[in-house]
Amino acid sequence: VQGRKEKATIVAADASAQLDWAMVYEVHGPDVFAFLRRSLGSTALAEDVLQDTFVRALRAHSHPAAEAVRPWLFTIAANLAVSHHRRSRLLAFLPFADDARTEGEPYDAESEQVRRALRSIPRDQAVTLTLALHEGFSRREIAQMLAISEEGVKSRLARGRRNFASAYRALEGGTT
Amino acid sequence: VSDHPRADIERHREPDGLGAAERAALRAHLAQCAECRAYAEELARNDRLLSAREPMRSLPPFAARRRSGGSVLAFLAAAAAVALVVVTALGIAREGAIAPGVGASSKPGTSLAPVTTASAIPTPSAASSATPSIAPTASPGSSAGTGTLSGNWIFVGKRISDPSAPRATVEIWGVPLDAGAARLAYAYSTSTGGAPEAALDSAPYLRRQFSPDGKQLVLSVDGELVIVELESGRARTLGLAGTFPAWSKDGSLIAFVHPGPVGEVVPPPMHVGVVAPTGGAPRDLAVTVEPTQSVEWSPDGRSLLLPSADGLALVDVATGRVLRTLDRVGRGTPAVAHWRQGGSPQIVVVDNECTQGNARIATVADAAAPMQTLVDAGLPCDRVLLRDPRWSPAAPSELLYVRARQSPGIEPSDEVVHLVDAASGRDTATTLRAYEATWTWSGRQLAVIVKSANAPYGTVVALASRSDLAVQRELLRASGGAVFFSIASVNY
């Protein structure tokens, strides 16, 4: 939490009346990218949605105050992530095999397994779980972001946990 | 399993998920149930896994992408003026230094894009140009065409993925049922990954995309609307960015999905617009909540069904007014409704929202009548998926649909073709396993994409007898990783 406040301050200090988009991207881009990569399960897809997130943010008629930029960007990113792939039958054709690592890049097998499990559960649940557990947003914040009720968030978290457990178990057993 | 309070264990992961009494009861149960303790520990471990930070990856340059093949992504086609500013700024960012955005002050050592002026920020009036036009281009695909079309043809979509890129070749094949060999009607390359508008229409739902005479087909090729003359193979773009097109049954309009006006951010809106098949200015009708579904037109072309937040909305095409909403159906699968000319009932829909407890097939006698349950699937929507109901063109009370099994975390499986007698409500599971199915025009046969066991879609297109459901002949077979994804029957 402290880190987030510091980031907000950096942006605010450099952008009194207007946002400094270079700084916004530098400061918040990595977090949004990590969130998207985890909840979408694909680096290439996360890159595209990240681009789309910032393009939409740039195009917006009005921008939030500097301290609200982070949740605002996550709101855009989360909604894009949820809405992108409702047609689940296409998932098998998306380029998920493109997560080849470049030389020297850290590799975390457990994290890869988590991404694979998240990829196989309904997208709205994966996004909600990631917003809550990976990004630390409260239920109220997530409800505002996704334009659903707090009860809806609770329900998605419960179903998400159940489905994630089932998917992760299947991966551990090598049956997926 | 029902004796174990799994839902309570899941809810207990949230700080206020359970009340005091529920917490006490759960603790008591956990004390004597090893299985539930193991589940609680598993959920706790999973929360730790989900909370662990994603390993850092280098941030990609903030640059708009162009896919190989040169087609402009649909979302960049929206709002050309703004996109120009953004792309220009991003182009500089790609070189390594991120340029200040619109209206930002210059920083030492940072390149400035030449056109980043405050006046370039879109105004509300500029933003209203929601339907993006792009310069018409030459035909993006190729084909010699089918030659003269007559009798009953079965058309199927075939996709061959490119293993080295997020692209695929889509081929539209036609098979004359009377005589003659299958013919390649049209082929094109399309994106299968990347920006959503480009990625999500690479397996078009063919039934809705034919002109009323069946001799033209509207497609979305890399996010651009293209009309193909099937007999000659000639194609022309409409100069519009759009996906999931549907040709009205009176032939006068094509409905399509496209990103909403510039400036609307949350939630990302997708609009349904209409345009004449000859081109010209498009017109926005409504916002859809399922950006990956085409609309179902009424037979007279005056209204259409599209997924709205409240259900399947019946929209008046002339005014854009929502005339009524059919419960909360219309979600979760590309094809949820079929509206036929004449007959009663006229409309059949699948309810995958379980508004009445279970998944179901429902009918509506006409645009004003109430919904009636025709088939109760007997299972909730997280266990079963119903899709793609289609009326028989020959038997007034008969329809087919595909029923698939669902389980958490896996793709739908065990697809089975069902036949329903709308008069009696009798629902018959056939022996046909198919991803998608349709009727021959006589109603005496079914044409099906036989579902592949371990892959999405199917690799065989076959013709089966309606009477005994035996497969009579194979129409097409795919190999080398190619798949068939959609099927339609057209009579000439």
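Procedures and definitions
All chains use their own residue numbering, which begins from 1 and follows the written sequence. Chains and ligands are labelled sequentially in the order written, the chains with letters from A and the ligands with numbers from 1. Since the coordinates come from a predicted model, pLDDT governs what is reported: local features require at least 70, and pairs of side-chain atoms require 80 or more to be given and counted, while whole-chain, interface and lining totals use all residues. Excluded from the side-chain calculations are hydrogens and water; all other atoms, namely the structure's heavy atoms, are used. Buried residues are those whose accessible area, probed at 1.4 Å on protein chains only, stays under 20% of the maximum for their type, while exposed residues exceed 50% and partly exposed ones sit between those limits. Helix and strand assignments come from DSSP, with helices taken as H or I runs of at least 4 residues and strands as E runs of at least 2, each series counted from the N terminus. Working note: the arc is built from the helix axis to C-beta atom directions. Paired strands, in this sense, are two strands between which DSSP finds at least two bridges. Axis definition: a line fitted to C-alpha atoms, over the contacting stretch in the case of helices. Angles run 0 to 180 degrees between N-to-C directions. With respect to orientation, any angle under 35 degrees is reported as roughly parallel, any angle over 145 as roughly antiparallel, any angle of 65 to 115 as roughly perpendicular, and every other angle as oblique. Handedness of a crossing is defined here by the sense of rotation of the near helix relative to the far one, left-handed for an anticlockwise turn of less than a right angle and right-handed for a clockwise turn. Any two residues whose heavy atoms approach within 4.5 Å are treated as being in contact. Residues are grouped as follows: nonpolar covers Ala, Val, Leu, Ile, Met, Phe, Trp, Tyr, Cys and Pro; charged covers Asp, Glu, Lys and Arg; every other residue, Gly included, is treated as polar. For every residue, the predictor reports its confidence as pLDDT, a number between 0 and 100. For our purposes a nonpolar core is just a set of buried Ala, Val, Leu, Ile, Met, Phe, Trp, Tyr and Cys residues, chained together by side-chain atoms within 4.5 Å.

An α-helix turns once per 3.6 residues; consequently, residues spaced three or four apart project the same way. All names here are of chain A. Here helix α7 (residues 139–146) has its buried residues at R139, I142, A143, M145 and L146. Buried residues of α7, viewed axially, fall in a sector of 165°; they line one side. Those residues of α7 that are exposed and aimed more than 90 degrees away from the buried face are R140 and Q144. Where α7 ends, the next residue or the one after it, A147, has phi of about 55°, a positive value.

Looking now at the sheet that holds strand β6 (residues 224–229) of chain B. Paired through backbone hydrogen bonds, the strands of a sheet run either parallel or antiparallel to each other. Residues and elements named next belong to chain B. The sheet built from 3 strands is open, its strands ordered β5-β6-β7 with antiparallel pairing. Both edges of this open sheet fall to β5 (216–221) and β7 (235–241), since each of them pairs with a single strand only. Taking each pair of neighbouring strands and ignoring which way they run, the sheet shows an average axis angle of 25°. Both β5 and β6 contribute to a ladder of 6 bridges, which runs antiparallel. Paired with Q216 across the strands is E229, a residue of β6.

Another point: the packing of helix α5 (residues 109–119) of chain A against helix α8 (residues 150–172) of chain A. Residue and element names in this part refer to chain A. At a closest axis distance of 9 Å, the pairing of α5 and α8 adopts a crossing angle of 125°. Put simply, α5 runs oblique to α8. Crossing of α5 over α8 shows right-handed handedness. Contact with α5, carried on its side by E110, Q113, V114, R116, A117 and L118, involves F164, A167, Y168, L171 and E172 of α8 and no other residues of that element. Grouping the constituent residues of the contact of α5 with α8 by class yields 7 nonpolar, 1 polar and 3 charged.

Residue and element names in this part refer to chain A. Of all residues in chain A, 70% have pLDDT values of 70 or greater, and the mean over the chain is 73. Per-element confidence in chain A is highest for helix α6 (residues 123–134), whose mean pLDDT is 91, and lowest for helix α1 (residues 2–14), whose mean pLDDT is 40. Below pLDDT 50 for its whole length, residues 1–17 participates in 21 contacts with residues either more than four positions away or in separate chains. Every residue in residues 85–104 scores below 50 in pLDDT, and together they form 64 contacts with partners more than four places removed in sequence or on other chains.

Okay, the sheet that holds strand β23 (residues 426–429) of chain B next. Residues and elements named next belong to chain B. In spatial order, the strands read β20-β21-β22-β23; together these 4 strands make up an open sheet with antiparallel pairing. Each edge of the open sheet is held by one strand with a lone partner, namely β20 (384–391) and β23. Ignoring which end each strand starts from, the neighbouring axes of this sheet average 25° apart. In this structure, strand β21 (residues 398–405) lies alongside strand β22 (residues 413–421), joined through 7 bridges in antiparallel fashion. When the bridges of β22 are listed, L400 appears paired with L419.

Relative to the helices and strands, A:R161 resides in helix α8. With a relative accessible area of 3%, A:R161 lands in the buried category. Beyond its immediate sequence surroundings of up to four residues, A:R161 is in contact with A:L129, A:L133, B:E10, B:R13, B:E14, B:L43 and B:D47.

Attention shifts here to the nonpolar core. In terms of nonpolar packing, the biggest core is built from 48 residues, with A:F35, A:L36, A:L73, A:L118, A:L129, A:L131 and A:F164 touching the most fellow members. Listed by contribution, the elements that provide at least two residues to this core are α2 (21–40), α3 (43–59), α4 (69–84), α5, α6, α7 and α8 of chain A together with α3 (34–51) of chain B. No other element matches the 10 residues that α4(A) contributes to this core. If near-sequence neighbours (up to four positions away) are discounted, A:L131 is found in contact with A:F35, A:F74, A:A78, A:G136, A:F137, A:I142, A:M145 and A:L146. Listed in part, the 38 residues of the second largest apolar core include B:A235, B:L475, B:A482 and B:V483.

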